[in-house]
Amino acid sequence: AQTVTQSQPEMSVQEAETVTLSCTYDTSESNYYLFWYKQPPSRQMILVIRQEAYKQQNATENRFSVNFQKAAKSFSLKISDSQLGDTAMYFCAFYGGATNKLIFGTGTLLAVQP
Amino acid sequence: DTEVTQTPKHLVMGMTNKKSLKCEQHMGHRAMYWYKQKAKKPPELMFVYSYEKLSINESVPSRFSPECPNSSLLNLHLHALQPEDSALYLCASSPEAGIAKNIQYFGAGTRLSVL
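What you are looking at is a predicted structure, and each value in this text was computed from that prediction instead of being measured.

Participant: Would you mind going over the nonpolar core with me for this structure?
Facilitator: Residues and elements named next belong to chain A. Counting 26 residues, the largest nonpolar core has Tyr-25, Trp-36, Phe-75, Leu-77 and Tyr-90 as its most contacted members. Breaking this core down by element, the ones donating at least two residues are strand 3 (19-21), strand 5 (32-39), strand 6 (46-52), strand 8 (64-69), strand 9 (74-79), strand 10 (88-96) and strand 12 (108-113). Here this core takes 4 residues from strand 10, the largest share from any one element. Among residues more than four places away in sequence, those in contact with Tyr-90 are Gln-6, Leu-21, Trp-36, Tyr-37, Lys-38, Val-48, Phe-64, Leu-77, Ile-79, Gly-107, Thr-108 and Leu-110.

Participant: I keep staring at the interface of chain B and chain A and nothing clicks. Help me out?
Facilitator: Where interface size is given, it is often the accessible area lost as the parts come together that is meant. Chain B puts 26 residues into the contact, and the matching count from chain A is 23 residues. Put simply, chain B and chain A have 1 salt bridge between them. Two residues, B:Glu58 and A:Lys101, come together in a salt bridge whose shortest N-O distance is 2.9 Å. Scanning the region where chain B abuts chain A turns up 9 residue pairs in polar contact (both at pLDDT 80 or more). Sorting the residues of the side of chain B that touches chain A by element identifies strand 4 (31-37), strand 9 (87-94) and strand 11 (110-114) of chain B as the ones contributing at least two each. Tallied by class, the residues present in the side of chain B that touches chain A amount to 13 nonpolar, 8 polar and 5 charged.

Participant: What's the story with the pattern of salt bridges in this structure? I'm lost.
Facilitator: Any two side chains of opposite charge can pair, on the condition that their charged atoms come close. Scanning all chains against the criterion turns up 8 salt bridges over all chains. Across the pair A:Glu52 and A:Arg50 runs a salt bridge, and its minimum N-O distance is 3.8 Å. Classification of A:Glu52 by relative accessible area gives buried; the value is 14%. Note that B:Lys22 and B:Glu24 form a salt bridge whose closest N and O atoms lie 3.8 Å from each other.

Participant: What exactly am I supposed to notice about the environment of A:Ala88 here?
Facilitator: As for its position among the elements, A:Ala88 is in strand 10. When the C-alpha positions of A:Ala88 and A:Gly107 are compared, they lie 9.9 Å apart, and in sequence the two are 19 residues distant.

Participant: I would appreciate a short explanation of the sheet that holds strand 1 (residues 4-7) of chain B in the present structure.
Facilitator: Two modes of strand pairing occur in sheets, parallel and antiparallel, and in both the strands are linked by backbone hydrogen bonds. Residues and elements named next belong to chain B. Ordered in space as 1-3-8-7, the 4 strands form an open sheet in which the pairing is antiparallel. At either end of the open sheet lies a strand with only one pairing partner, and these are strand 1 and strand 7 (64-70). Neighbour to neighbour, the strand axes of the sheet diverge by 20° on average, direction disregarded. With 7 bridges joining them, strand 3 (residues 18-25) and strand 8 (residues 73-79) adopt antiparallel strand pairing.

Rules behind the numbers
- Residues numbered from 1 in each chain as written.
- Chains lettered and ligands numbered in written order.
- Predicted model: local features only at pLDDT ≥ 70, side-chain atom pairs only at ≥ 80, totals over all residues.
- Heavy atoms only, no water.
- Core = buried A, V, L, I, M, F, W, Y, C linked by side-chain atoms within 4.5 Å.
- Buried < 20%, exposed > 50% of the residue type's maximum accessible area, 1.4 Å probe, protein only.
- Helix = DSSP H or I, 4+ residues; strand = E, 2+ residues; numbered from the N terminus.
- Contact = heavy atoms within 4.5 Å.
- Salt bridge = Lys/Arg side-chain N within 4 Å of Asp/Glu carboxyl O.
- Polar contact = N/O pair within 3.5 Å; in protein donor to acceptor, adjacent residues only side chain to side chain.
- Nonpolar A, V, L, I, M, F, W, Y, C, P; charged D, E, K, R; others polar.
- Pairing = 2+ DSSP bridges.
- Axes fitted to C-alpha atoms, helices over the stretch in contact; angles between N-to-C directions.

Here it is, written out as structure tokens:
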């Protein structure tokens with residue numbers, strides 16, 4: 001069965017600094033997608049970035065980038081130049097064809113301090 | 001436009017009430033989802049509709065009844081709920097349910113309290 005693990009329940013970073021959120025997953029599938037979603041106190045889940053497993057190049061979206069290590073089944077999110085608006089719960093998620101469901105990790109609560 | 005609209009934003013209901021949650025998207029997406037989310041927990045999938053047909057029911061109690069009247073609209077009918085059903089209910093949509101086009105966009109949710 002597919003599982004997604006986020007080992008950092010909470011993290012804190014100073015404004016303008018860089019922070020990395022960890023995510024590992026377990027699957028026997030070769031074709032799948034990985035996501036990072038952000039959920040601020042306003043509740044809306046916002047898609048931050050998506051990575052296709054068969055692409056070796058790491059996805060980037062402005063200040064957000066991932067380090068995708070397929071062999072190690074690791075998918076970390078790097079946030080550069082952190083801003084107060086980045087304060088949120090961040091969920092790592094996996095989607096594979098075997099289950100056809102988005103499987104979420106337990107989340108990392110990130111606080112950006114002024 | 002990646003907007004999924006959910007109404008109402010907040011709902012308080014008694015255990016004998018009947019109410020409905022509504023979700024709407026105008027992105028031409030053909031897959032729609034209901035999730036339940038408890039505080040500080042990840043969302044849990046409840047139902048998936050693909051091309052207006054129910055494709056996944058995650059063994060949800062019958063007091064929750066989904067409906068997809070058309071490709072833009074998804075309802076969740078609630079009846080005889082229990083206090084433990086109090087949660088944030090999230091709707092999402094994606095271009096299709098299959099793996100290649102499963103980028104899910106979420107609404108802001110309905111905060112449900114059952115008294």
